[in-house]
Amino acid sequence: MNNLKNTRIRHTKGPFAMSVVYSFTGAAILASIIFSLLLFLSIDENPWMKVLFGALAVIFELGKFFAWYEFGERIARRHLIAAFSAFSFYSVLAIISIGGSIGGINSATNTAQRYVDLQQNKVAIFNLQIAALEKQIDLNNIAAEKYIELNRIATGVVRIQKENALLRQEQVELAVQRDHLPVASQGSVFGLIGSIADGLKIKTTDAQLGLVVFLSVLLDLFAAFFVGLIGEEQRFRRTLAGMLPQSLTQPPEITQHSPAVDHEMVISRSDILFQKALDVLLKGDVRCTKKAIADKLAISAEEVDLIFFGLLEKGLVTQKANRHFNWHGESV
């Protein structure tokens, strides 16, 4: 019984945990689809072609995640060739999806950057106009000095002073228009891109591309992880349901039974696997390890865990501090 207390027993996830998993999975898949749509919809401006390319993007995304789910199913059944084919299919679709996400995220960041550049160009144009007026005022001042040297203050200098006053007024109006332009806020993303570029001593465009690729790959891995988590949980529940006695998983039926059938014992899959494992251990065909039993009987990890839980409960094995097992079935 002490060994049973130290044994880690897997339990099914509760409703709250599964609701969180499904929410994260749906959000990640939706984000991946949206970023792929941003790229595929920009291929052609024809409405029908937009519909076709949009449908293609959705099919690729959903097919990619189903291929990953099927990969987990085939790995659990130990069908390595079938699992390799599913993984290859997933890899191709994942490359297309990551490329679509890169294009979509890059398109969104470029659109925001274009708006910032446009606002900055407007400010630069006003600054150039103000600087040109300042140069004209400086030239007029030089001309006024010449008029003063020629004693033509009344005719030349007065005219130049009036012209400079008009130029100063125009400068003020341009400065007011420049200051009333909307502030071009770059946002934290562009600040992050600039920091990465400065830290790595690379161009801003290279830093932006690296960040976009990283976010696209991270989004795909995030969604794949939660899809695999859902598949693993469903497989565990199916395995657990298959190992429970039939009387616990099905409601009793009111039928006419013969006495022989009433006393017939229902043998579950767990009992069959437990007996097979016990037979091979008694014969000494395999070592008392989970991997050896799983390879010998070609069963999943969840089924092996339940078998060793039964062996511990019956005292046929004990567990050491390093979590390895000692076989005591022969002495029992």
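Here's what I pulled together on the structure shown here. (Residues numbered from 1 in each chain as written. Predicted model: local features only at pLDDT ≥ 70, side-chain atom pairs only at ≥ 80, totals over all residues. Heavy atoms only, no water.)

## A word on the environment of Asn140
Within the element layout of this structure, Asn140 appears in helix α4 (residues 80-149). Apart from the residues within four sequence positions on either side, Asn140 is in contact with Ile160, Glu163, Asn164 and Leu167. (Helix = DSSP H or I, 4+ residues; strand = E, 2+ residues; numbered from the N terminus. Contact = heavy atoms within 4.5 Å.)

## Some remarks on unusual backbone geometry
You will see that Arg78, though not glycine, has its phi angle at about 60°, which is positive. Counting through the fold element by element, Arg78 comes out in the loop between α3 (47-76) and α4. One non-glycine residue with positive phi stands out, namely Ala298, at about 55°. Along the chain, Ala298 turns up in the loop between α11 (290-297) and α12 (301-313).

## With respect to the side chain of Glu61
In this fold, Glu61 is placed in helix α3. Separated by 2.6 Å, the side chains of Glu61 and Ser36 make a polar contact. (Polar contact = N/O pair within 3.5 Å; in protein donor to acceptor, adjacent residues only side chain to side chain.)

## Quick notes on the packing of aromatic side chains
This model, assessed by the stated rule, comprises 11 aromatic pairs. Relative to Phe87, the ring of Trp68 lies with its centre 6.5 Å away and its plane at 50°, an arrangement referred to as tilted. With Trp68 in helix α3 and Phe87 in helix α4, the pair connects residues that are 19 residues apart, well separated along the chain. Ring geometry for Phe87 and Tyr90: centres 6.4 Å apart, planes at 40°, overall tilted. Note that Phe87 and Tyr90 are positioned in helix α4 at a spacing of 3 residues, about one turn of the helix. An aromatic cluster of three or more residues is present, and its members are Phe24, Phe222, Phe225 and Phe226. (Phe/Tyr/Trp six-rings, centres within 6.5 Å; stacked < 30°, edge-to-face > 60°.)

## As for the nonpolar core
Ranked by size, the top nonpolar core spans 21 residues in total, and within it Ile293, Ile307, Phe308 and Leu311 carry the most contacts. For this core, the secondary structure elements donating two or more residues are α10 (269-283), α11 and α12. Ranked by the residues each element gives to this core, the list is headed by α10, at 6 residues. Those residues in contact with Leu311 that lie beyond four places of it in its chain are Phe274, Leu278, Leu281, Leu316 and Val317. (Core = buried A, V, L, I, M, F, W, Y, C linked by side-chain atoms within 4.5 Å. Buried < 20%, exposed > 50% of the residue type's maximum accessible area, 1.4 Å probe, protein only.)

## Topic: the pattern of salt bridges
For the structure on display, the rule yields 14 salt bridges. With a closest N to O distance of 3.4 Å, Arg235 and Glu73 form a salt bridge. Of the two residues, Arg235 sits in helix α7 (residues 204-243) while Glu73 sits in helix α3, which places them 162 residues apart along the sequence. On the accessibility criterion, Glu73 (8% relative accessible area) is buried. With a closest N to O distance of 3.0 Å, Lys291 and Asp295 form a salt bridge. (Salt bridge = Lys/Arg side-chain N within 4 Å of Asp/Glu carboxyl O.)

## A word on the environment of Glu170
Along the polypeptide, Glu170 turns up in helix α5 (residues 153-179). Residues Glu170 and Leu133, 37 residues apart in the sequence, show an inter-C-alpha distance of 8.1 Å.

## Focus: a nonpolar patch on the surface
Taken together, the side chains of Leu209, Val213, Val217 and Leu221 present a nonpolar region at the surface, about 300 Å² in accessible area. Mapped onto the elements, Leu221 comes out in helix α7. A relative accessible area of 52% places Leu221 in the exposed class. (Patch = residues over 30% accessible without salt bridge, like charges linked within 9 Å, V, L, I, M, F, W, Y side chains within 5 Å. Areas by Shrake-Rupley, 256 points an atom, 1.4 Å probe, with all protein chains shown as cover.)

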